[in-house]
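Single-letter residue listing:
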Protein chains: 2
Amino acid sequence: MKLCRRYRRLLLVTMVAVMASLASGEVVLAQSDPLPSWNDGPAKQAIIAFVRATTTKGSPKFVTPAERIATFDQDGTLWVEHPIYAQVVYCLDRVPAVVKAKPELAKVEPFQTVLSGNRQAIAKLSMKDLEKILAATLTGMSVEQFQSDVKQWLDTAKNARWKRPYTDMTYQPMQEVLRYLRASGYKTYIVTGGGQDFVRVYSGATYGIPPEQVVGTAGGTKFGYDRNGRPFLTKEPRLLLNDDKAGKPEGIHLMIGRRPYAAFGNSDGDRQMLEYTKAGAGDRLAMLVLHDDAKREYAYGPADGLPDSKIGTFTKALYDEAKKDGWIVISMKNDWKRIFAFEP
Amino acid sequence: MKLCRRYRRLLLVTMVAVMASLASGEVVLAQSDPLPSWNDGPAKQAIIAFVRATTTKGSPKFVTPAERIATFDQDGTLWVEHPIYAQVVYCLDRVPAVVKAKPELAKVEPFQTVLSGNRQAIAKLSMKDLEKILAATLTGMSVEQFQSDVKQWLDTAKNARWKRPYTDMTYQPMQEVLRYLRASGYKTYIVTGGGQDFVRVYSGATYGIPPEQVVGTAGGTKFGYDRNGRPFLTKEPRLLLNDDKAGKPEGIHLMIGRRPYAAFGNSDGDRQMLEYTKAGAGDRLAMLVLHDDAKREYAYGPADGLPDSKIGTFTKALYDEAKKDGWIVISMKNDWKRIFAFEP
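Conventions we followed
- Residues numbered from 1 in each chain as written.
- Chains lettered and ligands numbered in written order.
- Predicted model: local features only at pLDDT ≥ 70, side-chain atom pairs only at ≥ 80, totals over all residues.
- Heavy atoms only, no water.
- Helix = DSSP H or I, 4+ residues; strand = E, 2+ residues; numbered from the N terminus.
- Buried < 20%, exposed > 50% of the residue type's maximum accessible area, 1.4 Å probe, protein only.
- Contact = heavy atoms within 4.5 Å.
- pLDDT = per-residue confidence, 0-100.
- Buried area = accessible area lost by both parts, 1.4 Å probe.
- Salt bridge = Lys/Arg side-chain N within 4 Å of Asp/Glu carboxyl O.
- Polar contact = N/O pair within 3.5 Å; in protein donor to acceptor, adjacent residues only side chain to side chain.
- Nonpolar A, V, L, I, M, F, W, Y, C, P; charged D, E, K, R; others polar.
- Pairing = 2+ DSSP bridges.
- Right-handed = clockwise from strand over helix to strand, strands pointing away.
- Axes fitted to C-alpha atoms, helices over the stretch in contact; angles between N-to-C directions.
- Parallel < 35°, antiparallel > 145°, perpendicular 65-115°, else oblique.
- Left-handed = near helix turned anticlockwise from the far one by under 90°.

*Asks:* Go over the overall build of chain A, please, and point to the residues and values.
*Replies:* Within chain A, the regular secondary structure consists of 14 helices and 8 strands. Counting only C-alpha atoms, chain A reaches 95 × 60 × 40 Å along its principal axes. Looking at chain A residue by residue over its 344 residues, the buried ones come to 53%. Counting contacts in chain A only where the partners sit at least 6 residues apart, residues at least 24 apart contribute 64% of the total.

*Asks:* Quick one: what's the story with the confidence of the model for chain A, residue by residue and with numbers?
*Replies:* Residues and elements named next belong to chain A. Per-residue confidence for chain A averages 93 on the pLDDT scale, and 91% of its residues sit at or above 70. Counting interchain partners and residues more than four positions distant, the pLDDT-below-50 stretch residues 21–29 has 7 contacts. In the model output, the complex is listed with pTM 0.91 alongside ipTM 0.91.

*Asks:* Could you give an account of the environment of Tyr298(B), with specific residues and numbers?
*Replies:* Residues and elements named next belong to chain B. Note on placement: Tyr 298 falls in the loop between β6 (285–292) and β7 (299–300). With 255 residues separating them along the chain, Tyr 298 and Ala 43 place their C-alpha atoms 20 Å apart. Those residues in contact with Tyr 298, other than ones at most four positions away along the chain, are Val 80, His 82, Pro 83, Arg 161, Trp 162, His 291, Asp 292 and Asp 293.

*Asks:* Could you give me a rundown of the interface of chain A and chain B, with the residues and numbers involved?
*Replies:* It is common to report an interface's size as the accessible area lost on association of the parts. The interface is formed by 36 residues belonging to chain A together with 36 residues belonging to chain B. Where chain A abuts chain B, roughly 3200 Å² becomes buried across the two surfaces, and 52% of that area is made up of carbon and sulfur atoms. Ranking the residues of chain A by area buried against chain B places Glu212(A), His253(A) and Leu254(A) at the top, with a combined share of 20%. Joining chain A to chain B, the criterion identifies 6 salt bridges. Where chain A meets chain B, there are 24 residue pairs in polar contact (both at pLDDT 80 or more). Mapped onto the side of chain A that touches chain B, the elements with two or more residues apiece are α8 (143–156), β2 (187–195), α10 (196–207), β3 (214–225), β4 (231–241), α11 (247–255) and α12 (271–278) of chain A. Looking at side-chain class alone, the side of chain A that touches chain B contains 18 nonpolar, 6 polar and 12 charged residues.

*Asks:* Requested: an account of the pairing of strand β5 (residues 262–265) of chain B, with residues and values cited.
*Replies:* All names here are of chain B. By the alternation rule, side chains of β5 split into Ala 262 and Phe 264 and Ala 263 and Gly 265, which are all buried. Alignment of strand β1 (residues 69–72) against β5, held across 3 bridges, turns out to be parallel. Bridged to Thr 71 within β5 is Ala 263. Where β5 and β6 come together, 4 bridges link them in parallel fashion. Bridge pairing in β6 links Ala 262 to Leu 285. Traced from β5 through helix α12 (residues 271–278) to β6, the parallel crossover comes out right-handed.

*Asks:* Run through the packing of helix α4 (residues 86–101) of chain A against helix α7 (residues 127–138) of chain A, naming residues and quoting values.
*Replies:* Residue and element names in this part refer to chain A. Look at α4 against α7: their axes get within 9 Å of each other, and the N-to-C directions meet at 70 degrees. In terms of their interaxial angle, α4 and α7 are classed as roughly perpendicular. In the crossing of α4 with α7, the sense of the turn from one axis to the other is left-handed. Two secondary-structure elements touch here, α4 through Gln 87, Tyr 90, Cys 91, Leu 92, Arg 94, Val 95 and Val 98 and α7 through Ile 133, Leu 134, Ala 136, Thr 137 and Leu 138. When the residues that make up the contact of α4 with α7 are grouped by side-chain class, the tally is 9 nonpolar, 2 polar and 1 charged.

*Asks:* Give a detailed account of the pattern of salt bridges, specifying residues and quantitative values.
*Replies:* Summed over all chains, the structure comprises 34 salt bridges over all chains. Glu144(A) serves as the salt-bridge partner of Arg259(B), at 3.0 Å between the closest nitrogen and oxygen. With Arg259(B) in the loop between α11 (247–255) and β5 and Glu144(A) in helix α8, this pair bridges two chains. Note that Lys235(B) is salt-bridged to Asp197(B), the shortest N-O span being 2.7 Å.

If you want it as C-alpha cells, here you go:
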C-alpha cells in the first residue's frame, strides 16, 4: 500500500515534468521531425545539432534569443535559379509595358530586340544592354507602382519548365529549415543579390519573411510630392548596395548590424557571407546547396561530372574551402526526399 | 438561499471573465495607466486613442500586427540634444586616442585645436573641420573596435549639466510610449540623423530597441581579412545614407520597406518622415516634441518667446504644418509630469 502511494506520486511528478517540457516546446521538437523532406544524413544532422546546441538552456553554445539570426541567399538556395533568374524574366516581361508608356523606345536597342521575341538574339544581349533593361523596368516609378507591377506579374507569370507560378518554385526542404529555425527562436533573413524591393513583394507570403527582413541589392529612392502635395518615393537608378560577394556581409552589417549564427547559400556569391558567419564565436552553421539533381531540378557545380554554370557559379575553390572549414554541402539528390511542395 | 446561490454563481462567472481579460492583456491596459509620466491632455489622449483604434479587433482602423511600425527620431525626441549632440561629444573625446595612434596629427588642424581644450576655439571649428574629426573618429577601424570604443565611452562619459551617463538622459515619457506601443504589438524603430553604428551600441539596453531596428546615417563598410585570414569589416568614410530630412523616409524604405503608422520627431529634420507617415491610409499618428521647458530641460523652437536653435531646429513653418495637418505637438512643460527617470 505504501509502495503503491509512492508509485502514484512518482507517476504524478513525471507527468508534471513531461507536461512542463511539452509546454516549453523542448519535447515537441524532439518527438516530431522538424525536417520531414530531408533524408537522414550529415546535412540534416548538422542542422538539428546546431539548433539544439544553440537553443538548449545550459548548453555551452547557447545563444540568447535576441542574437539568433539566420541568413539565406534566395536564388538557387530557396528557389530555382535556372535557366535564368526570375527577376530577369520579370524585367524582360515588363519591356512591352515600358515601351507602351514610352513609344519612342520601340526602335531603340536593346528594347527592339526584346520586343522581337527572338530568344537567340535576347540571349546574346550584352551586360550593358541588360543594365539598360534593368534600369528601365526597375527604376523611375514610385515604390507603390513597382510593388503593384511585380504583384501582377507574379499572379500571372509561369515558370517555363514546371508551368507553375514562380512562387511555387521554392524548395520544400529549405522552407522546413526556415520554419524550424523560426520555431527555435531564430529571426530568418533573406540576403540576396536580387533586388531588395522585388523580393520584398512576395517574401512574406512565400517564405514567411517580412519585408524588413529582406536584404538585397538596393538602389536609392527619392522623396518628393505629387501634384496633390502627397509625398511619395521614386525608385532611382543609383546603386546603394550591391548585395553579392563581399557586399553580403557589408549588407548584413548595414541592415541587421549583427553577425548571423547560420548562413545558407549555393554559389561563390555567398562565400563571404559564409566566411563572415563562421568567423564568429560559438557554434556557427554554414551550408551550401549543391545542384546535383538534373532529373528533379538542375545539375551544375563542382562535384564530379557536373558542368559549370554562369548562373549560380559554384567553383571547385569554394567547394574545397567548404570541406576544409567545416561548412556543410547539401546534395539535392541525396539529402532531399522531395524538392517542391507540389510533388506528390 | 436560492438568491444567495445565484449571487455566488454570478460572482464566480464575473471573476472568471475578469481573469480571462487580465490574461489576454486587454483589461490591464484599460485599468493601469500605460503613460504615467504624462499629464492628461490632448497629447496623451491622442496616443491612447491611436493605439486603441489600430489594435482593437473590429475597429475600422485596425492594423494587422505585422504592419504595426512606429518610428522615433532620437536626438531631442528620445533623449537630450542640447547644448550639443552626444555623438559630437564622443567624437571630440576620441581625438586624444586618435592622435595617440597617429602622433603626426598632433600638430595638424583641427586636431591641434581639439587637443588644446580651448572651448571657444573648438566651438568656432568649421563644418569642414568637424567633418575631418568625424571621419577620423568614426571610420578607419573595424566594426568591433568601434563598438568597443563607444561602449567604453558610454561607461565613463557624463552629461555636463546633470553629471550623469548620457544613457540616463532619455525622456521617461517617451520610454513609456515605446513600451506602450511594443506592448500593443508595434515594432519600434529609431530613425536618427545620428550614426547608425553609434546608436546601435546602446539602443538595446537604453530603449529596448535591437540593432536591426535602428536606422541612422550610415557609411559603407569594407569586407577584408586580417593577417590570420579572419574576415572583418572596416568602417569607411563613404556615405550610404544621410538619414535626415528627405533621407528619413528614404532610409525607412531602404531598411524597413513599410510605411510607419506612427512617427515621432522634434525638428525640421523629421518633417518628411512625419509627412510620409501621415500620407498613408487609415489612422496615422505624427507627433513633435516641443522643448519649452527651460527649467527642467531646455527651451527652443517656434512657440511664443522661445529662441531658435541650430541644434534641433524647429521652425514656425513646421509648427504651422503640424497644426494644419493634425500632427500633435507635445509640450514638454505641460504634457510631461516628469522628464527623466532619475527625477524624484
